[in-house]
Amino acid sequence: MADTTQHPVPDRRGENFYTTDRELQALLPLYLPADLLQHMAPHFSRLGELAGGRLDELAGIADHNPPTLQHRSRSGLDEQRVLKHPAYVEMERLAFSEFGLGAMSHRDETLGWRGKMPPAVKYVLTYLFVQSEFGLCCPVSMTDSLTRTLRKFGSPELVQRFLPRLTSLDFDELAQGAMFMTEQGAGSDIAATATEARRDEAGNWRLYGDKWFCSNPDAEFAMVLARPDDAPAGMKGISLFLLPRHLEDGSANAYRIIRLKDKLGTRSMASGEIRLEGAVAYLVGEPGRGFVQMADMVNNSRLSNGVRAAGLMRRAVAEAEFVARERRAFGKSLQDMPLMRRQLDKLRVPAEQARTMLFQTAQALARSDAGEPGAYALLRILTPLIKFRACRDARKVTGDAMEVRGGCGYIEEWSDPRLLRDAHLGSIWEGTSNIVALDVIRAIKREDSLPVLRAHAMSLLEQADLAPAFADALRGALDGACALAQTAARDGGDALARQAASALYHCTSAIAMSWEASATGSADRLRWAQLALRHRVLPRDPLAPDELPAAWNRAAEPAAATI
């Protein structure tokens, strides 16, 4: 436990991030079977303890000691290596080996549980882990997503040959994954991919070209988009390839890391530029279907990205709450001051929205993988919604939470600067905000996802025991958001994509939070749902007193706290 003895500079270090998170513990029975939750609780607690202590310490060390690129051995041999600080390597061992975060979804036994783990378990563990270390969660996510894509689209020979290392928990044997997609001249425009794939005399595929932003560049395997030399221009000419770091004889494959990026955040984890010089690669799936197949990997990574944004916000909010509770000024605890209560609620609402959408999307993923009708269409819209909105919210929440700590929050000895830097990556990584908002519209057009999302939200609303006036307000807002989204999906409606995506996210999360509040009896969660609707969806007069409508609560008196 954190030392809560009176001190002018409160320090939360040593607190268990799981056992002190009462909202998380209240939500888990809604999303996990009782026997699985009972089995996982000690593992959640173990990771919560690490996140509040040793893992946080390692993350700070690794952040201040970023990886370096060694081009030659001390005897002059060309042996490229990314040199990682021991603190980062220890975190790799925790994530990949002890908790199996990269392999969990693809094994029949993990952490002593026999049978497939539902996605919610992996994302709860990630949610706890990322509260201390964000950078490493990129290789974890890409390894998980690469393995998923290989299993889904790879030939039986490729799967049999490479899957064992990707799903191993032996730290000395397991392989990590990466995604080499971005090019200088292409960016989000995948159709402009210039990397070439050519057949050699033996019939093997070899890749040529430059990839501009490659995180985890020394991963043992990477998924790469390239255009076969006889393929047509445009998207239909792009194919997906599996690129090994080493060949069967143990020699290095023919590609080089040109340099490592000097990044604003995720400093612990290496990102680099790759030059492919005839590297051996293996075609994954059908030729010309590369973007469709890579999109499956990207969407899985986007969900993970939203989960990580939710975790960053939770850490920022928890730090702010701790400071407000433990620090006194002007003879009072900060949390007892009206403006501080208001400020904390402004932090809590987006953080709790993201937490709810984490669980809702993980549940949709499990249903989709099980082949449930309509579940894929629901997953297809929830994924870009959480990636778009939660990642943008994390930028503001981490910055505003820093202010609660005051001057110490600006000092690198504390977690606030690291959280703030890392939060800004989410809106760029795996698609910028514009690209992901347009993907929400694409899901509406191609997958007919809007009626499925509305039906899902209405089902949750019908199950919730709410004041009629609040239920009506939620229903009306959802109808308005769906109408806006339909307008955005028409020809010429792209300019409305961000507005529509935000509206759908806020309405869906407010309804789901209300359902959670009804199921758990949480008055706080109900109030946060009301605040999300009142302040992030509905129109209001900025010159009028700021209060929640009294009719939204079953009690006669109006709610006391607003933002």
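One numbering rule holds for all chains: residues counted from 1, following each sequence as written. The model is predicted, so local features are restricted to residues of pLDDT at least 70 and side-chain atom pairs to those at 80 or more, both for listing and for counting; the totals for chains, interfaces and linings are taken over all residues. With hydrogens and water excluded, all non-hydrogen atoms of the structure serve as input to the side-chain values.

1. Looking at the overall build of the protein chain
How we decide: Working definition: helices are DSSP H or I runs of at least four residues, strands are E runs of at least two. Numbering for both runs from the N terminus. Values of the radius of gyration come from C-alpha atoms, whereas the globule rule sets the reference at 2.2 Å times the count of residues to the power 0.38. Relative accessibility decides the category of a residue: with a 1.4 Å probe and only protein chains considered, values under 20% of the type maximum give buried, values over 50% give exposed, and everything between is partly exposed. Residue contacts are defined here by distance: any two heavy atoms, one from each residue, within 4.5 Å place the two residues in contact.
From N to C terminus, the protein chain includes 16 helices and 13 strands. A compact globule built from 563 residues should have a C-alpha radius of gyration of about 24 Å, and the protein chain, at 24 Å, falls within 12% of that. Dimensions of the protein chain, computed from C-alpha atoms along their principal axes, come out at roughly 80 × 55 × 45 Å. Within the protein chain, buried positions represent 57% of all 563 residues. A fraction of 71% describes how many contacts in the protein chain between residues 6 or more apart in sequence connect residues 24 or more apart.

2. Focus: the pattern of salt bridges
Note the threshold: For this document, the term salt bridge refers to a Lys or Arg side-chain nitrogen within 4 Å of an Asp or Glu carboxyl oxygen.
Taken as a whole and judged by the stated rule, the model has 54 salt bridges. Here aspartate 21 ties to arginine 355 by a salt bridge, and the two come within 2.7 Å at their closest N and O atoms. One end of the pair, aspartate 21, is in the segment before helix H1 (22-31); the other, arginine 355, is in helix H9 (residues 338-369), with 334 residues separating them in the sequence. Neither aspartate 21 nor arginine 355 differs from the other in exposure class; each is buried. Salt-bridge contacts for glutamate 516 lead to arginine 525; the nearest nitrogen and oxygen are separated by 2.7 Å. Across the pair, arginine 525 and glutamate 516 agree in class, each one buried. Among the charged side chains, a salt-bridge network with shared partners connects Asp21, Glu23, Arg314, Glu321, Asp345, Arg348, Glu352, Arg355, Glu516, Asp524, Arg525 and Arg527.

3. Regarding the domain arrangement of the protein chain
Counted only if it meets this: Those domain boundaries reflect an automatic or database domain assignment. As a working definition, buried area equals the accessible area (1.4 Å probe) given up by two parts on being put together, with both sides summed.
For the protein chain, the assigned domains are domain 1 (22-167), domain 2 (177-288) and domain 3 (432-539). Computed over C-alpha atoms only, the centres of domain 1 and domain 3 are separated by 31 Å. Taken together, the contacts link five residues of domain 1 with eight residues of domain 3. Counting the surface lost from both domain 1 and domain 3, the interface buries some 530 Å², and carbon and sulfur atoms represent 64% of this. Of all residues in domain 1, Glu23, Leu27 and Leu30 give up the largest surface area on contact with domain 3, accounting jointly for 74% of the area buried on that side.

4. Focus: the nonpolar core
Basically, it comes down to this: To form a nonpolar core, buried Ala, Val, Leu, Ile, Met, Phe, Trp, Tyr and Cys residues must be joined to one another through side-chain atoms within 4.5 Å.
Within the largest apolar cluster, 177 residues are counted, with the highest numbers of intra-cluster contacts made by Phe44, Leu125 and Leu504. Not counting the four nearest positions on each side in its chain, leucine 504 is found in contact with Ile381, Leu385, Val440, Ile444, Leu450, Leu453, Ala481, Cys482 and Ala485.

5. Points about the packing of aromatic side chains
Basically, it comes down to this: Whether two aromatic rings pair depends on their centres lying within 6.5 Å, for rings of Phe, Tyr and Trp, where Trp uses its six-membered ring; planes under 30 degrees apart make the pair stacked, over 60 edge-to-face, and the rest tilted. Charge-over-ring contacts are defined here by two conditions on Lys NZ or Arg CZ: a distance within 6 Å of the ring centre and an angle within 35 degrees of the ring normal.
What the rule picks out here adds up to nine aromatic pairs. Residues tyrosine 18 and phenylalanine 44 carry aromatic rings whose centres are separated by 5.6 Å and whose planes lie at 50 degrees to one another, so their mutual orientation is tilted. Of the two residues, tyrosine 18 sits in the segment before H1 while phenylalanine 44 sits in helix H2 (residues 34-51), which places them 26 residues apart along the sequence. Residue phenylalanine 44 is classed as buried on the basis of its relative accessible area of 0%. We note arginine 198 situated over the ring of tyrosine 208; from NZ or CZ to the ring centre the distance is 4.1 Å. Lying over the aromatic face of tryptophan 429, arginine 308 brings its terminal NZ or CZ to 4.6 Å of the ring centre.

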